[in-house]
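Below are the chains, spelled out letter by letter.
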Amino acid sequence: AATDDSFNSQNRKRFLSSIASGGYRYVLLTFEQFRTIPLSAETFNKYLGAELEELRDYLNDTVAKSTEAKALQKEFKKREKALAKFEAKYKARWEALTKEGEAPVTWEECGFSGLVWDEIQALKRDIVMSKMENIAGLPRGESQRAFDARVKAHYTLAHKGKVIGLTGTPLTNTLAEAYVWLRFCQPRLLRHLGLWHFDSWASTFAEPFTSVEMDSVGQFRQQTRLRFQNIPELLTILAECWDRAPEAPEVKKPEIVGGQMRVVEVAGSEGLIEYTKSLADRADKVRARKVDPTEDNMLVITSDGRKASLFNGNPELGFVDGIRTKVDALVDEVWKYYKESYAELGTQIVFCDLYTPKAVEAEEVEQHDIMTEGERFSAFGVYGVIKDKLIAKGMLAGEIEFAHDAKNDAERLAQHDRMNRGRCRVIIGSTGKMGTGVNVQDVVYAVHHLDCPWRPDELEQRTARGVRDGNKWPAVHVLCYVTQRSLMRATRELLGEHHADLMQALNA
């Protein structure tokens, strides 16, 4: 198993050389460590060239048959530029790894005959090119990590190796991900069926439909999306490589108290209502292109809406005395469950992606009590506010920890051990720090979602930190906090409905 130091400048070559020489049968890496093992320039350039040639042939064929080629030509040019950037970055990385004429150990030299990804949904943001326009929900971004993984997976498959992906959330927020996974795991089959390009796949297994939806600032608009069709045939293809694993009889997950997540609502303040109206006005200006995207855009507006939901008002004013916020509601609930589970050392997990702590030196921690309120918020963010309020209720400072305090593997394992033994009673962390791969479930009594993550799978993975095999409690409290009349309440409801639609299609 690679450690934090395995890929530094002193140890990298020795670690990879040991793999190449057969010193290890199995190698455990993080996603980022996996990505830093370079393919040889020959293999990488060959794959890029083949992809561009296939796209060029598809474009030429579309130009000859369709009037929709203009959109595809635009997409092709963007893709050509993106691949050129990938090639330049790979070349720069190769040159950086090469020292005094000594070439680094390549991916091919490592000789992997099998790849297994846990939480493979982290690789879903691979490119999807389409001539379709004005279709919401199609992924347009691209992750270098996802592309690098696809190249290595296809190299492994081409050399008769095995590729395995594990996930509890195979589809997260777009049905195009079903195509992404088919292309990742079954490239030969897609080519054989003539469905290698997304438009060919979508014309077979998806259809556009238009409906009225609530947008990100609470206004209703017509939106066109894709929905599944020919589901039996799609499932037949998926069944060639997808296995739905039923839970083993010995797996005993706790139930969720009440059968579902409990929503704790806080009344929206007048300041919040006025601020939310201003967000709608800003959104109208963005849509009408009356403002430069560098000054304001929908992403900034949505982010401001999340912050306003947290503060129950204008984020620039921060927490205002006399106005009850989600943080106050959270503290009340955590304190209640702390007292309920005190004798059995029950623990609680609090998730929050906003205003996370910065890197704080030990001296600053010691000076916490003499800092001003503004200095504490600057250093510890909303996490510090929660901790201060819980201490004021009666909890001990040592019973509350931040996931961000653990800086390396050893510190993280020690922190997780304190959680599992009930030494740490409340841990506060973000989706990135604690959403996946964290085993602190032994005595988790409650899971709190102070803010709403961007995607349904993130919400599900968060909840699974407590609703997990090995938890001694028969049932876990799961709570989500929303502010009435805020942008983020509408977003949470849309997330729940969209996730239900996706899972219903998958289970059809």
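If you're wondering where the values come from, they're calculated on a predicted model, not measured in any experiment.

One non-glycine residue, Asn312, lies in positive phi territory at about 60°. The topology assignment puts Asn312 in the loop between helix H12 (298–311) and helix H13 (326–340). By relative accessible area, which is 2% here, Asn312 ends up buried.

This paragraph deals with the packing of helix H11 (residues 270–287) against H12. For the pair H11 and H12, interaxial distance at closest approach is 10 Å and the crossing angle is 175°. In terms of axis orientation, H11 runs roughly antiparallel to H12. Every residue of H12 that contacts H11 at Leu272, Tyr275, Leu279, Arg282, Ala283, Val286 and Arg287 is listed here: Met298, Val300, Ile301, Asp304, Gly305, Ala308 and Ser309. By residue class, the composition of the contact of H11 with H12 is nine nonpolar, two polar and three charged.

Looking at the chain as a whole, its pLDDT mean stands at 85, while 89% of the residues score no less than 70. Within the model, the stretch residues 490–499 combines pLDDT values under 50 with 15 contacts to residues more than four positions away or in other chains.

Evaluation of the coordinates by the stated rule reveals 28 salt bridges. The shortest N-O distance in the salt bridge between Asp126 and Arg150 comes to 2.4 Å. One end of the pair, Asp126, is in the loop between strand S1 (114–118) and helix H6 (144–158); the other, Arg150, is in helix H6, with 24 residues separating them in the sequence. The residues Asp126 and Arg150 share a single accessibility class, namely buried. The partner of Arg462 in a salt bridge is Asp353, with the nearest N and O atoms 3.3 Å apart. With Arg462 in helix H18 (residues 456–463) and Asp353 in the loop between strand S7 (347–351) and helix H14 (362–366), this pair connects stretches of sequence that are 109 residues apart. Take Arg462: its relative accessible area is 0%, and that puts it in the buried class.

It is worth spelling out the nonpolar core at this point. The biggest cluster of nonpolar side chains holds 61 residues, and the ones touching the most others in it are Leu16, Trp117, Phe147, Phe184, Phe198 and Trp201. Dropping the residues within four chain positions of it, Phe147 is found in contact with Phe44, Tyr47, Leu48, Glu51, Arg79, Leu83, Phe86, Asp126 and Glu142. By size, the runner-up hydrophobic cluster in this structure holds 34 residues, among which are Val350, Val382, Phe402 and Val443.

Conventions used here
Residues numbered from 1 in each chain as written. Predicted model: local features only at pLDDT ≥ 70, side-chain atom pairs only at ≥ 80, totals over all residues. Heavy atoms only, no water. Helix = DSSP H or I, 4+ residues; strand = E, 2+ residues; numbered from the N terminus. Buried < 20%, exposed > 50% of the residue type's maximum accessible area, 1.4 Å probe, protein only. Axes fitted to C-alpha atoms, helices over the stretch in contact; angles between N-to-C directions. Parallel < 35°, antiparallel > 145°, perpendicular 65-115°, else oblique. Contact = heavy atoms within 4.5 Å. Nonpolar A, V, L, I, M, F, W, Y, C, P; charged D, E, K, R; others polar. pLDDT = per-residue confidence, 0-100. Salt bridge = Lys/Arg side-chain N within 4 Å of Asp/Glu carboxyl O. Core = buried A, V, L, I, M, F, W, Y, C linked by side-chain atoms within 4.5 Å.

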